[in-house]
Amino acid sequence: MKNHTVDILVIGGGINGTGIALDAVGRGLSVILCEQNDLASGTSSKSTKLIHGGLRYLEHGAFKLVHESLNEREVLMKKAPHLISPLTFIIPYQPQSRPPWMIRLGLWIYDHLGHRVTLPGSESVSLEGTDFGAPLKTSFKKGFSYSDCRVDDARLVVENAVAAKALGAEIFTRCRVIRYGVKDKRWEVETEYKGNRQIFYARVLINATGPWIQSQAFSMKLVKGSHIIVPRVYEGEHAYLIQHSDKRVIFAIPYEKHFTLIGTTEEMYEGDPSKAHIDETEKNYLVNAFNEYFQHTLTLKDIVADYSGVRPLIGDGSENPSNISREYILSLDQSQGAPILSVFGGKITTYRRLAEHAMEKISHFFPQMKSAWTKEATLPGGDIPHGSLSSYIHAMGIKYPFLSESELSRLVHCYGTRMEMILAPFEGADRAPAFGDLAPFEGADRAPAFGDLAPFEKGAAPQAQGFYEQELAYSVTHEFTQTADDFLTRRTKLYLSKNAPTLQKIRDWFAKNRL
Ligand SMILES: Cc1cc2nc3c(=O)[nH]c(=O)nc-3n(C[C@H](O)[C@H](O)[C@H](O)COP(=O)(O)OP(=O)(O)OC[C@H]3O[C@@H](n4cnc5c(N)ncnc54)[C@H](O)[C@@H]3O)c2cc1C
């Protein structure tokens, strides 16, 4: 039973909750964050994985949202260059869709509405006989290109939580808030962690539970969006934005090294957001939409993975989910005797600004609170020397010559400069420490008995036998990883690997260590 009162208790470990926790703790406030499952296990790992202005939101006149989002692209790229990188989009021109002048005007506004330093502007491109046109049906002769960014959404959440913890926030995962109420002008929050109840006290409560949020004040709608992942269907690192015949847009995006991500559908949803899953109609919709525009023919059998996310949108009477606003709302309520700030909506892209706005909303409760600081601060692993990821990858290749090109790239894109925390024991090794062939796991019986992880927290060196295991130990020690699923699907994307024995060894490692 903790009866000290923290300044802020955040419910929800998605991008908004962790972003707020980090901003608040960096301003000198004491912070607790409770997440009922794993970090990013809600919508924040189920997005289209874009840091984008949202070209199509221009059509709905959402200039403020688009402006804020566009500005954030450059800011976030600097904060986490290992997780966020520029991406070129191709829009094939279709005479039956929006007229070219409208697309050009939209792109011109997109180019000029936000601050742009490194991202190239939009232009008209030829699709005839070009790399951009090669994957498409030959009827597409012309198109447009523009730039946005891609992001590892789940890792962005984790890095915010890691940074918050480093500054003193207490982050509890698998810790569900089951009740809260006001007692003596402060919030009494009851939580459950693996069957154990615990009470926390906080001056301000922040509800960042995404689609789990309830509201009496607003009419809220839940909208489900699903994606499919298929083996790479075209060469090149550019993405496509298809204006589908139903006026919706569908993205095809290069994903990890060997896959293409295709999405999204949009359907009204009711029920528990954690139960959302793709149905056959959605799969068919995405496969058929893809097949209408690309040379390659997909079938349902090509789908290697899928995921569905749910977002809460503040209803405006519109029945078409595509038309409902993506603007976020921060609602402060003091009617219960202590302040509670509820977060409705938002995008991955706007999380940092949303956190700043949240701090503004509650600033009068904390006159000692420091000013905004997150714009310039890098996230853990984001302090890439001179901001050049390619130079860093090159330098790491020299330092750890046993890494294959793809492993090196994977580690840098996952952990940024923190990959050296994993690899440090192997510095100077001239051959791979039996990596790849899984030898590290052969010594699994010599793995540390993590049990409750206490040895790690006390700083005892994990006796990892190889650096795959070293990576698992790092993940458990530093990144709130508790299960094989946390590691395989959110800390990394190794679940997509075809190497079944590797996956099994990783699962066995977690089972063996009772994590
Ligand atoms: C299909 C789709 C595609 C998208 N694509 C993009 C995109 O490309 N770019 C972009 O910028 N945005 C995108 N978005 C929007 C973006 O993903 C969301 O706005 C964002 O992830 C919401 O984050 P959140 O933290 O508010 O919610 P969540 O990530 O859902 O986090 C809420 C958390 O609260 C936890 N929780 C709930 N109840 C409790 C409780 N009682 N106790 C403790 N914890 C609790 C949940 O477990 C969950 O982890 C997309 C959204 C969808 C649905």
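Residues numbered from 1 in each chain as written. Predicted model: local features only at pLDDT ≥ 70, side-chain atom pairs only at ≥ 80, totals over all residues. Heavy atoms only, no water.

(A) Summary view of unusual backbone geometry. A cis amide bond, omega 10°, links G263 with the succeeding residue T264. Relative to the helices and strands, T264 resides in the loop between β14 (259-263) and β15 (267-269). In this structure, H386 is a non-glycine residue whose phi angle is positive, near 55°. H386 gets classed as exposed once you look at its relative accessible area, which sits at 83%. Non-glycine residue F480 carries a positive phi angle of around 60°. By secondary structure assignment, the location of F480 is in the loop between α12 (467-478) and α13 (484-491). Among the residues examined, F480 registers a relative accessible area of 12% and is labelled buried. (Helix = DSSP H or I, 4+ residues; strand = E, 2+ residues; numbered from the N terminus. Buried < 20%, exposed > 50% of the residue type's maximum accessible area, 1.4 Å probe, protein only.)

(B) Here's a closer look at helix α7 (residues 389-399). Within α7 the residues assigned to the buried category are L389, Y392 and M396. Within α7, the buried residues cover an arc of 60° as seen down the axis, which keeps them to one side. With respect to the buried face of α7, the exposed residues turned more than 90 degrees away are S390, H394 and I398. On its buried side, α7 packs onto α8 (405-415) and α9 (419-423). (Arc of directions from axis to C-beta. Contact = heavy atoms within 4.5 Å.)

(C) The arrangement of the packing of helix α2 (residues 63-79) against helix α3 (residues 100-113) in detail. As a packed pair, α2 and α3 sit with axes 9 Å apart at the nearest point and diverge in direction by 60°. As summarised for this structure, α2 and α3 are arranged oblique, according to the angle between their axes. Along the contact surface, α2 presents F63, V66, H67, L70 and R73, while α3 presents I109, Y110 and L113. Of the residues belonging to the contact of α2 with α3, the class tally is 6 nonpolar, 1 polar and 1 charged. (Axes fitted to C-alpha atoms, helices over the stretch in contact; angles between N-to-C directions. Parallel < 35°, antiparallel > 145°, perpendicular 65-115°, else oblique. Nonpolar A, V, L, I, M, F, W, Y, C, P; charged D, E, K, R; others polar.)

(D) Seen up close, the packing of helix α1 (residues 15-26) against helix α6 (residues 351-362). At a closest axis distance of 8 Å, the pairing of α1 and α6 adopts a crossing angle of 55°. Considering their axes alone, α1 and α6 lie oblique with respect to each other. When you trace α1 past α6, the crossing you get is right-handed. Between α1 and α6, the residues in contact are I15, N16, G19, I20, D23 and A24 and Y351, L354, A355, E356, A358 and M359, respectively. By residue class, the composition of the contact of α1 with α6 is 8 nonpolar, 2 polar and 2 charged. (Left-handed = near helix turned anticlockwise from the far one by under 90°.)

(E) Main features of the nonpolar core. In terms of nonpolar packing, the biggest core is built from 50 residues, with I8, V10, I20, I84, L156 and I206 touching the most fellow members. Among the elements that take part in this core, helix α4 (residues 153-166) stands out by supplying 8 residues, more than any other. Shared between two domains, this core takes at least three residues from each, and those domains are domain 1 (5-43 + 154-217 + 326-365) and domain 2 (82-150 + 220-315). Among residues more than four places away in sequence, those in contact with I84 are I51, L76, M77, C149, R150, V151 and L156. Of all hydrophobic cores here, the second largest spans 29 residues; its members include L50, L65, L87 and F89. (Core = buried A, V, L, I, M, F, W, Y, C linked by side-chain atoms within 4.5 Å. Domains from an automatic or database assignment.)

(F) View of the environment of Y201. As for its position among the elements, Y201 is in strand β10 (residues 196-207). With relative accessibility at 6%, the residue Y201 sits in the buried group. Sequence separation between Y201 and G181 is 20 residues, and the spatial gap between their C-alpha atoms is 9.9 Å. A distance of 3.0 Å separates the side chain of Y201 from the side chain of E188, its partner in a polar contact. (Polar contact = N/O pair within 3.5 Å; in protein donor to acceptor, adjacent residues only side chain to side chain.)

(G) Geometry of the pattern of salt bridges. Taken as a whole, this structure holds 35 salt bridges when the rule is applied. Taking the shortest distance from any N to any O, the salt bridge between R197 and E190 comes out at 3.4 Å. Classification of R197 by relative accessible area gives exposed; the value is 54%. Between K224 and D279 there is a salt bridge, with the nearest N and O atoms lying 3.9 Å from each other. Here the residue K224 occupies a position in strand β11 (residues 220-231), and D279 occupies one in the loop between β15 and α5 (280-293), the gap between them amounting to 55 residues. (Salt bridge = Lys/Arg side-chain N within 4 Å of Asp/Glu carboxyl O.)

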